[in-house]
Amino acid sequence: MIQKKSKKGAFIALGCILVFLAVIVLLENLGLFMDNVPKVLKPTSQLFVVLKKTAVYALAAVSMNLLTGFTGLFSLGQAGFMLLGAYTYAILTVPMANKDQVYYAFNGSAVKFSLPDLFGGVDTVAGLVLGVLLAIILAGIVAAIFAWFIGLPVLRLKSDYLAIATLGFAEIMRAIFQWQKLGPVTNGANMINKIPTFANFNIENAAGKVVLRLSTFVPFLLAIICIAIIVLLINSSYGRAFKAIREDEIAAEAMGINLAKHKRMSFCISSFFAGISGAMFAMFVNNAQAKPFTTNLTYEILLIVVIGGIGSITGSCIATFLYVACSEWWLRFLDTQTVIGDFQVPLLRPGFRMVVFSIVIMVVVLFFRRGIMGNKELPDLFKGKRKEAAK
Amino acid sequence: MEYIISILLSGISVGGQYALIAIGYTMVYGILRLINFAHGDVFMVAGLMGIYLSASMPLYVAIPMVIVLTAILAFFIERAAYKPLRSAPRMSVMISAIGVSYLLQNMATYITGAQPMTYPTIPGLSDTVQIAGTPTKWAVLLTPVLVAVLVVALTVLINKTKVGMAMRAVSKDFETAQLMGIKINTVISVTFVIGSVLAAVGSILYFTNYSAVTPTIGALPGLKAFVAAVFGGIGSIPGAVIGAFIIGICETVIKGLPSAWDVSVFSDAFTFALLVIVLVFKPTGLFGEKATDKV
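A short tour of the structure in this document, coming up. Nothing here was measured: the structure is a model prediction, and the numbers come from that model. (Residues numbered from 1 in each chain as written. Chains lettered and ligands numbered in written order. Predicted model: local features only at pLDDT ≥ 70, side-chain atom pairs only at ≥ 80, totals over all residues. Heavy atoms only, no water.)

**Section: the side chain of Asn36(B)**
Residues and elements named next belong to chain B. Here is the rule we go by: Note on conventions: DSSP H or I runs of at least 4 residues are helices, E runs of at least 2 residues are strands, and numbering of each starts at the N terminus. Exposure categories follow from relative accessible area, calculated using a 1.4 Å probe and restricted to protein chains: below 20% of the type maximum is buried, above 50% is exposed, and the middle band is partly exposed. We call two residues contacting when some pair of their heavy atoms lies within 4.5 Å.
Within the fold, Asn36 resides in the loop between α1 (2–32) and α2 (39–56). Exposure remark for Asn36: the relative accessible area of 5% places this residue in the buried category. The contact partners of Asn36, leaving out residues within four places of it in the chain, are Tyr25, Val28, Tyr82, Ala97 and Phe192.

Now the structure itself:
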């Protein structure tokens, strides 16, 4: 089927993204211009934590969706690639001035340079933007290179064996990064902190007072650029090859698709973006350590993908926001003991939030198997409505 | 010498505990082709039940209760989370298993208040004996014996009884077995119950050795037991047991290597490296049957 390509959709999408980014900047900075903003918009509000985390997780979820939803490769190694990205970013960006302090247990770092310092230091615009950007891209590249090597043996495996083998690699990676012998590079079991974070992007005046907040805008910009690249990839001929592999490997091979090449490509690209989201994760939590990158992180991201709908990019993004907002913000009240009048509400105490939350997830997994969006995208919904209206 | 003996002893006991978990994995995989990610967490819940039940009743009641309740739990998990997805793609069932694991861990965190709980000492099991000059717990010695007895009993069950025959039929061919009048749901439930009973026994032995029970403690032994099942050839019970013993011994040996080499962080990684090597070079494992892909 040959379709006349219309650029209209792309322009609308671009417009929506720009408006969205503008709204983020506005929300973030409202507190600077007005004195009595609602509590939600204060810079310390949970809203911005949720938004930042959403940006980080959305990229991770979309990169997993590229693999699971669009290529049909069920990989559980996402946390491992995020760990690679986080460590690469942190190792390359610890400012020279902080190195001895961070690597105190190993008498200084073996990496004798720091990317932001090469461009003039974290405090200058060029040093911050170029250094951080370069480190993030390198984080992705390192993850992709590892993925290439891991893919050599692993991608021959089918469904659940692939899942368990990639999971195994993620665990191996975690052990390697905690190895004391690699301490001068990875800081052993200690965390690497004092790295440039999102907060460094807030523009301050000479007096040290923040004049423009960009700490939520930056992760969103990064995530949106990366997700846009993934969307373009999925809509290209490579993307169609991925989908063909997902539907039926044997038929795809018969149609002349090089299975090994495309699987490896999908795996490497997915890992590249997982690495970037790992770097963003390090920026979000202000440090890099092996502890958070367990299989549970992979499971969390997988559940987000499932809730959003396997094979839907917008679904993954929406689900990430709902997931993060529910777990970090909206369901918080379940964790605190509440007394209404004389009545002590039963069951409410720390931990209950996650129980409710996991029950909701089980309900989605069991009864709404297609997730929020199924395999549709957000624009598809509007298209469908328009067509019905035309009838 | 004494050091070597003590390492070998604890390796055999860890291996035995993995074996008890691995049998559950391998049986479920043999029949449903499902990696039951929640199995490790069932093991953890059995540990918690042991703590709570032994606090309120004498041990000779508590231990059988733990085993029975674990079996009931596994039965309900199967009915609630896996049965509705019987005709769904395999990935959905696996995701459901991950969801159950997430749920069990969060429930455990809620109930325990995220505090590590201490497993009660079981008289007899927790007592120490001297073996070749090294103090050892009775549980360590009992584990391999118990594993051997249970495996023999299980093999008899599978090879001689009607239920066992049904299990073998279902694992050979799901649909044909159904056409032959085998009640698939009963067979699957029985499989889950047997697997969880063994996991409960394993938890009693395991936590007598490592007495702290945390909500996430089941994940790693669970995964390792699964690796053992793959190593031995998934679907094969003797394979799973031998795989588990090999993994348990290798792991404790790596942990016991001189600290100057500093390789003890790799004791977990080793298991997974073994998994990858097995999957790449002999995906059917030591005793597995060769699977053929039909177009």
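On we go from here.
**Here we look at the packing of aromatic side chains**
Residue and element names in this part refer to chain B. Operational definition: Aromatic contacts are taken between Phe, Tyr and Trp rings whose centres are within 6.5 Å, Trp giving its six-membered ring; a plane angle under 30 degrees counts as stacked, one over 60 as edge-to-face, and the others as tilted.
The full count for this structure, using the stated rule, is 19 aromatic pairs over all chains. Ring centres of Tyr25 and Phe226 lie 5.5 Å apart, and the angle between their planes is 70°; this geometry places the pair in the edge-to-face category. With Tyr25 in helix α1 and Phe226 in helix α9 (residues 219–232), this pair connects stretches of sequence that are 201 residues apart. Given the relative accessible area of 2%, Phe226 is considered buried. When the ring of Tyr119 is compared with that of Phe207, the centres are 5.6 Å apart and the planes differ by 35°; the resulting orientation is tilted. Of this pair, Tyr119 sits in the loop between β1 (117–118) and β2 (128–131) while Phe207 sits in helix α8 (residues 184–209), and the two are 88 residues apart along the sequence. A network of ring pairs unites the aromatic residues Phe43, Tyr119, Tyr206 and Phe207 as a single cluster.

**What about the interface of chain B and chain A?**
We apply this condition: Two parts placed together each lose some accessible area; with a 1.4 Å probe, that loss summed over both constitutes the buried area. Each reported salt bridge corresponds to a side-chain nitrogen of Lys or Arg within 4 Å of a carboxyl oxygen of Asp or Glu. By the criterion applied in these results, polar contacts are pairs of N or O atoms within 3.5 Å in which, for protein atoms, one can donate a hydrogen and the other can accept it, and in which residues neighboring in sequence qualify only through two side-chain atoms. Residue type decides the class: Asp, Glu, Lys and Arg count as charged, Ala, Val, Leu, Ile, Met, Phe, Trp, Tyr, Cys and Pro as nonpolar, and the leftover types, Gly among them, as polar.
Listed by partner, the interface residues are 47 residues for chain B and 47 residues for chain A. Interface area for chain B against chain A, summed over the two sides, is near 4,000 Å², with a carbon-plus-sulfur share of 74%. Of all residues in chain B, Ile95(B), Tyr102(B) and Tyr110(B) give up the largest surface area on contact with chain A, accounting jointly for 19% of the area buried on that side. The interface formed by chain B and chain A contains 0 salt bridges. Remark: the boundary between chain B and chain A carries 4 residue pairs in polar contact (both at pLDDT 80 or more). Those elements giving two or more residues to the side of chain B that touches chain A turn out to be α3 (59–82), α4 (90–112), α9 and α11 (266–281) of chain B. Looking at the side of chain B that touches chain A, the element that brings in the most residues is α4(B), giving 16 residues. By residue class, the composition of the side of chain B that touches chain A is 37 nonpolar, 6 polar and 4 charged.

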